[in-house]
Structures are given as structure tokens and as C-alpha cells.
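Chain by chain, the residues:
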Amino acid sequence: MKELICIVCPRGCHLKVDEENGYAVTGNSCPRGEQYGRNEIKDPRRVLTSTVKINGAAYRRCPVRTSAAIKKGDLFNAMKELNGVTLTSPVKRGDVVISNILSSGADLIVTKDM
Amino acid sequence: MRYELIVIGGGPAGLAAAISTHKNGLKRIAVIERDREAGGILNQCIHNGFGLHRFKEELSGPEYAGRFIDMLRDTEIELLTDTMVLSITPGKKVVCVSPAKGYNVYEADSIILAMGCRERTRGAIGIPGDRPSGVFTAGTAQRYLNLEGYMCGQRAVILGSGDIGLIMARRLTLEGAKVLACVEVMPYSGGLSRNIAQCLNDFGIPLYLSHTVTDVRAQNGRLCGVTVCAVDEKRHPIKGTEMDFECDTLLLSVGLIPENELTREAGIEIDPRTNGARVYENMETSLPGVFACGNVCHVHDLVDYVSDESERAGKAAAEYVKHGEASGAALEIKAGSGVTYTVPQHIRPGNVEKSADVFFRVNRIMQKSAIVLCSGGAELARFRREHMAPGEMEHIMLPAALLKNAQGEITVSTEEAQA
Ligand SMILES: Cc1cc2nc3c(=O)[nH]c(=O)nc-3n(C[C@H](O)[C@H](O)[C@H](O)COP(=O)(O)OP(=O)(O)OC[C@H]3O[C@@H](n4cnc5c(N)ncnc54)[C@H](O)[C@@H]3O)c2cc1C
Ligand code: SF4
């Protein structure tokens, strides 16, 4: 039995996941919590949010995120990929910076018009 | 120049309020923002978790703000950036200054205050020790890193467990710094539990509850270490519990203060518990035709609620301009046992169509409990909760019918179920 806090919404339900019983989840207030609890034990993932360099804009950094959650263990490797990127203004919200980052299936996207 | 509405502050509150007023029929609207772009504090909150309620999506701060900025652009609302409001008068004159247009006085039929918050600084809480560089508020460090691209340091301790501090713990770690500890003087965290989980636990950063920083040391003018100590129930440091951390950075995440200098100067009544204007059910302040919403009114944890509240203020401003002052007797909403404050502080039942929203915070962590509403000694209603915490704003809706049964005041209090 593993205890976790659901991070899907601000309610922060305290979940219990039973690995021996088909990853049965209890303590969740909604179905998203059940899914999160199961995934968190089998294959934990996070959305990565960070910035990359940008030239020609009002500020020197452009905010980016992965379009979907990537493997938790890949977060620091993904950060290394970001270090090599320099954008040039203009960019638009949703523009793809790195497609299929670390073969995760998720893209790295711009989150602000700059 | 005369406007039907002037909104002061172009953060999420100001944007949502202006758009809502426009939807409700006003045309001559200006949003005045001192920064070079709209979006407010969301521009530096690059992490995700915004908009789950409103858009059913997990957006980052800039994406959430961007959607509102796009909506604003589709209207004739004027956005005056790089413009600082210096004062407002009880006669609704707005005095402002900008590099492009200089000093100007605009007249307004109605005003919405949406100036947000600023962070409590070190001076405001008084930590003993040296005064070196390397001590930042968490929001300042966030702005340096996320907008300007400057890293504040390599080994950090975070004082206070507010959400901004927690978010910065993760952010610094991802950028290669070592975050040694998050230290909280209260026995519970001021931040959301999801942020404890995904910002501290994910990276093995320890959270010391009932602890505080008791000394700050410097070498050559730069922070080189802090001492952390456990505290007793009265928040006094306990001798013998000292821990030393070698660090070049101390981030303070010790709370936000609504930015209400303009409000005070205009003679608008302030509630000492929220540090924001006292408001009615429609977010109107003690000065008719002047409304307040978002963090300037009370500190919010979720921007989704900021947008909702601001839309109500926007609608009310449109009503005021079109139909004049709301009238009728007001009930006072009082904070009872276990409740720190309520917003609104007054409700005019005659001005409530279906129901009135009431937001409040509790003063300690409560398990199974009830929110109890009383008036004139009689119980009006009771709402059950499984869990309440000071870090999480509570919300109840009071139906118009219930308000009719109230006499002069309604007291909101909490009752904890006996285990
Ligand atoms: C540093 C910091 C970090 C935060 N991080 C998070 C987070 O991670 N997640 C979260 O959900 N919430 C966070 N919050 C809370 C967040 O502030 C609110 O959810 C929301 O942004 C409040 O919106 P607002 O429009 O009321 O205030 P703000 O976003 O603060 O906007 C107020 C605007 O008014 C402008 N202004 C102020 N005074 C004047 C003047 N005199 N003249 C002209 N313009 C003026 C300011 O420049 C600013 O743009 C954070 C708050 C702060 C202070
Ligand atoms: S279980 Fe559902 S309600 Fe509870 S925190 Fe997770 S998403 Fe939110």
C-alpha cells in the first residue's frame, strides 16, 4: 500500500494505492485521482515547465512547457535539451520548439506570445 | 478624457473585470497597467496548474493570461501600459503618469481596483543577523529567473512554505541549484498540498514545520549560511535545536499584502483582516461606483476564482453606470469562531438575484467539520467539509431565500466534529 497526495487539482486528496490488488486506488474524490494514483506508481509523469533564451523580445527568456506529461526520470535530461535552444522573436503561444522531446511523444511548446 | 469605466491594474483581475463590463454593455473602458504588458503576476508564473476550473485544462500562467489578453484585443477596450496610477479621488478622477503621455487626469463614471498584491519583505518580519545580498523574496527571484534569465544563487534555503516559495524550490532545482530546506514557522504549510508533493517531495527537499531562521551570516557582503531552529507553540526558538545550512541564497515566501495605497488615500474603508477594501456582494467598496477584485481585495490561491470574482465586479460596474447606485439595507457578514475573515463583509439582500458567494479562510487545519451560519441566535444553514486549511480558501453560496431570514447580520463560524 502506497500513500500519495493527488496533484491533479488543488483539492489535494490523500490517495492510497494497493499495488498487490491491481493498483486499486482509494481516497480519491474523482476519477482523475484514480488514474493519477495508478500512473504515479506504475509510470510517474510530470509536465515540465521552464524557459528558453529568446532574442529580440521585451524579455530575455521565453516560457515553455511540454504539451503532455513526460517521464519523471526524464525531467533533468529534458532541461539539458532546453539549454541548447535560442528562439528569435516573434513567437506565438503553442509554437513547437522541440517536437517529440526525448522521444516522449510530447512536444515542447511556447506558452507566451513574444 | 472621460471613461465609463477605468480599471486600475492589468493582471487577471483587471482583464476579466474589463471584459465582463464590456459584455454587459459598456463601451468606453480603459485598463491602466504600470508594467510594459498586461498579465500581472501571471507573466512570471510559468508553471502549469492554472485554469483547471475555467478552461478544464492545465495551463501555465502566461497561457492563462494570454487567453484573456486575446479576448480583450477583440474589443474596443483601451489598454494603457507603462502607465502608473498615482491617485484616485472620491470624485472618481484618476491621476496617472506615463513616459509616452506624461501626466494625465482621466474622469470615470466607475472604477475597478485590481492592483493585486506585493510580497511581504524581510523587514516586515524581522529576521536577526547580517544584511547581506542573497536574500530575496521568492517572487523577485521568480521574476529574475523566469523573465530576465538571472539565477539568484546555487544553494538555497526557503523561509515560508507559501506556494511561490514551493514553486521556486522546484524551479531552482530544475535549473541546477541545490535547495537545502524549506522552513515554515507554523505547524502546517501555507501552500497547497499538491505543491508540497510535486515541488518538495518529488525532489527530496525537506520541509521543516514549526521551524524558523534565527540567524543569517555573511562573508564579503554575500550570504554564506543560515541557522534554522525549532519553535515552540508561542513561536519562540527552542535552544539546542539549531541546524546550520551553508547557502548563498535565502528566499522569503512569507505572504502577500494587498496593494491598497490608492484605496486608502481615496478614503475607502479597509478591512484590517484582509488588508483590502470592505466590499458588498457585488464587490463594491464603501465609495459607490468603485469596486475591488482579485488580490487587491483579498489574497487568492487560485486565479480561476480571481477571474470569477472580477467578472462579478465588472457586471456590477456596468449596472452602476447604466442604472445608478444599488440600494437597500445591508447585512453584516461576521467572521465567527475559527474564521479569519469573510469576503464580502456586507450583503444587500435586495441586490441578490439567486445567491451570494461568500469566501473565507479558517484559522487552523480542521478535519471533518461544519461551516455554520447563524443570525440573531438562530442557525440558518450548515455545510459539511471533510478537510479545511488556512492555505485553502473556502467558498459557500447563500441563496436569496436564506438571506431573507437573516436579521441584521450573519455570522460564519466553524465546528469541528469530535473524533
Ligand atoms: C510573486 C507572486 C507569485 C504568485 N504565484 C502564484 C502561483 O504560482 N499560482 C497561483 O495560482 N497564484 C499565484 N500568485 C497569486 C496570483 O497573484 C493571483 O492568482 C492573481 O495573479 C491575482 O491577480 P490580480 O490581477 O489580482 O493581481 P496581479 O496579477 O498582481 O495584477 C495586478 C496588476 O496591477 C498592476 N498595478 C498595481 N498598482 C498599479 C498602479 N498604481 N497603476 C497601474 N497598475 C498597477 C500591477 O503592475 C499588476 O500587473 C502569485 C502572486 C504573487 C505576488
Ligand atoms: S482525486 Fe480528483 S478531486 Fe481529489 S485531488 Fe485528485 S483530481 Fe482533485
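Residues numbered from 1 in each chain as written. Chains lettered and ligands numbered in written order. Predicted model: local features only at pLDDT ≥ 70, side-chain atom pairs only at ≥ 80, totals over all residues. Heavy atoms only, no water.

This part is about the domain arrangement of chain A. Interface size is commonly expressed as the accessible area that is lost once the parts come together. Each assigned domain of chain A is listed here: domain 1 (2-43) and domain 2 (46-110). The centre of domain 1 of chain A, based on its C-alpha atoms, is set 28 Å off from the matching centre of domain 2 of chain A. (Domains from an automatic or database assignment.)

All names here are of chain B. Here helix H4 (residues 138-148) crosses helix H5 (residues 163-174) at 40°, and the two axes come no closer than 9 Å. In this structure, H4 crosses over H5, and the sense of that crossing is left-handed. Contact residues: H4 offers Ala-138, Gly-139, Ala-141, Gln-142, Leu-145 and Asn-146, while H5 offers Ile-164, Gly-165, Ile-167, Met-168, Arg-171 and Leu-172. (Axes fitted to C-alpha atoms, helices over the stretch in contact; angles between N-to-C directions. Helix = DSSP H or I, 4+ residues; strand = E, 2+ residues; numbered from the N terminus. Left-handed = near helix turned anticlockwise from the far one by under 90°. Contact = heavy atoms within 4.5 Å.)

On to the sheet that holds strand E11 (residues 155-159) of chain B, then. Hydrogen bonding along the main chain pairs the strands of a sheet, whether they run parallel or antiparallel. Residues and elements named next belong to chain B. Overall, parallel pairing links the five strands, which are arranged E10-E17-E11-E12-E13 in an open sheet. Looking along the sheet, the strands with just one partner apiece sit at the ends: strand E10 (135-137) and strand E13 (207-208). Alignment of E10 against strand E17 (residues 249-252), held across three bridges, turns out to be parallel. Across the sheet, Val-135 pairs through a bridge with Leu-250, a residue of E17. (Pairing = 2+ DSSP bridges.)

This part covers a nonpolar patch on the surface. Residue and element names in this part refer to chain B. Taken together, the side chains of Met-84, Leu-86, Val-97, Tyr-103 and Val-105 define a hydrophobic patch exposed on the protein surface, amounting to about 430 Å² of accessible area. Mapped onto the secondary structure, Leu-86 falls in strand E6 (residues 84-88). The class of Leu-86 is partly exposed, set by a relative accessible area of 40%. (Patch = residues over 30% accessible without salt bridge, like charges linked within 9 Å, V, L, I, M, F, W, Y side chains within 5 Å. Areas by Shrake-Rupley, 256 points an atom, 1.4 Å probe, with all protein chains shown as cover. Salt bridge = Lys/Arg side-chain N within 4 Å of Asp/Glu carboxyl O. Buried < 20%, exposed > 50% of the residue type's maximum accessible area, 1.4 Å probe, protein only.)

To continue, consider the site of ligand 1. All names here are of chain B. Around ligand 1, a shell composed of 31 residues is seen, among which Ala-13, Glu-33, His-47, Asn-295 and Asp-301 lie nearest. Separating an oxygen atom of ligand 1 from a side-chain N or O atom of Arg-34 is a distance of 3.1 Å. A distance of 2.6 Å is found between an oxygen atom of ligand 1 and a side-chain nitrogen or oxygen belonging to His-47. For ligand 1, the accessible surface in isolation is 970 Å², of which the surrounding protein chains cover 94%. The set of elements that each furnish at least two residues to the shell around ligand 1 consists of helix H1 (12-23), E6, H4 and helix H8 (303-323). (Near = heavy atom within 4 Å. Polar contact = N/O pair within 3.5 Å; in protein donor to acceptor, adjacent residues only side chain to side chain.)

Surrounding ligand 2, one finds Cys-6, Val-8, Cys-9, Gly-12, Cys-13, Asn-28, Ser-29, Cys-30 and Gly-33 of chain A. Of the residues that constitute the shell around ligand 2, the class distribution is five nonpolar, four polar and no charged. (Nonpolar A, V, L, I, M, F, W, Y, C, P; charged D, E, K, R; others polar.)

What follows concerns the pairing of E17 of chain B. Residue and element names in this part refer to chain B. Burial along E17 is two-sided: Thr-249 and Leu-251 facing one way and Leu-250 and Leu-252 facing the other are all buried. Pairing geometry for E11 and E17, over four bridges, is parallel. Within E17, the position partnered with Ala-156 by the bridge is Thr-249.

Contact residues are listed per partner, giving 30 residues for chain A and 36 residues for chain B. With both sides pooled, the region where chain A packs onto chain B buries about 2,900 Å², and carbon together with sulfur makes up 52% of that total. Area buried by chain A at its contact with chain B is led by Pro-10, Tyr-59 and Arg-93 of chain A, which between them contribute 24% of it. The tally of links between chain A and chain B comes to five salt bridges. With a closest N to O distance of 3.1 Å, Asp-202 of chain B and Lys-72 of chain A form a salt bridge. Across the chain A-chain B interface, the total number found is 17 residue pairs in polar contact (both at pLDDT 80 or more). Elements with a contribution of two residues or more to the side of chain A that touches chain B: strand E5 (49-55), strand E6 (61-66) and helix H2 (75-83) of chain A. (Buried area = accessible area lost by both parts, 1.4 Å probe.)

Assignment of secondary structure puts Tyr-59 of chain A in the loop between E5 and E6. It is 31 Å that separates the C-alpha atoms of Tyr-59 of chain A and Ile-7 of chain A, two residues lying 52 residues apart in sequence. The contact partners of Tyr-59 of chain A, leaving out residues within four places of it in the chain, are Ile-54, Lys-112 and Met-114 of chain A together with Asp-35, Arg-36, Glu-37, Arg-143, Leu-147 and Glu-148 of chain B. Engagement of the side chain of Tyr-59 of chain A in a polar contact is seen with the side chain of Arg-143 of chain B, the distance being 3.2 Å.

Bringing the nonpolar core into the picture now. Ile-8, Ile-112 and Leu-113 of chain B are the most contacted members of the largest nonpolar core, which has 63 residues in total. Looking at which element gives the most residues to this core, the answer is H8 of chain B, with seven residues. If you look at the next biggest cluster of nonpolar residues, it comprises 43 residues, including Met-79 and Leu-108 of chain A together with Ile-158 and Val-179 of chain B. (Core = buried A, V, L, I, M, F, W, Y, C linked by side-chain atoms within 4.5 Å.)

Counted as a void, the second largest pocket has a volume near 1,100 Å³. Lining of the second largest pocket is provided by 38 residues; of these, Pro-10, Arg-11 and Gly-12 of chain A together with His-387 and Glu-392 of chain B occupy positions nearest its centre. Elements that contribute at least two residues to the lining of the second largest pocket include exactly helix H6 (193-200) and strand E28 (394-399) of chain B. Considering only residue class, the lining of the second largest pocket consists of 18 nonpolar, 12 polar and eight charged. (1 Å grid on protein atoms, 1.4 Å probe; cavity = no way out; pocket = protein on both sides within 12 Å on 5 of 7 lines; lining within 4 Å. Points joined across faces, edges and corners; volume = space filled by probe spheres on them.)

Turning our attention to the sheet that holds strand E8 (residues 86-88) of chain A. Residues and elements named next belong to chain A. With mixed pairing, five strands are arranged side by side in an open sheet as E8-E5-E6-E10-E9. Edge positions in the open sheet fall to E8 and strand E9 (96-98), since each of these has one partner strand only. The average undirected angle you get between the axes of adjacent strands in this sheet is 45°. Bridge analysis of E5 against E6 gives five bridges, and the strand direction is antiparallel. Across the sheet, Lys-53 pairs through a bridge with Arg-61, a residue of E6.

Take the domain arrangement of chain B next. Residues and elements named next belong to chain B. Parsing chain B into structural domains produces domain 1 (2-118 + 257-326), domain 2 (121-254) and domain 3 (350-416). Taken together, the contact between domain 1 and domain 2 spans nine residues of the former and nine residues of the latter. Summed over both sides, the interface of domain 1 with domain 2 buries roughly 890 Å², with 46% coming from carbon and sulfur. Area buried by domain 1 at its contact with domain 2 is led by Gln-44, Ile-46 and His-47, which between them contribute 54% of it.

Let us now look at the confidence of the model for chain B. Taken over all residues, the pLDDT of chain B has a mean of 93, while the share at 70 or more is 98%. In the predicted complex, the global pTM is 0.92; the interface-specific ipTM is 0.92. (pLDDT = per-residue confidence, 0-100.)

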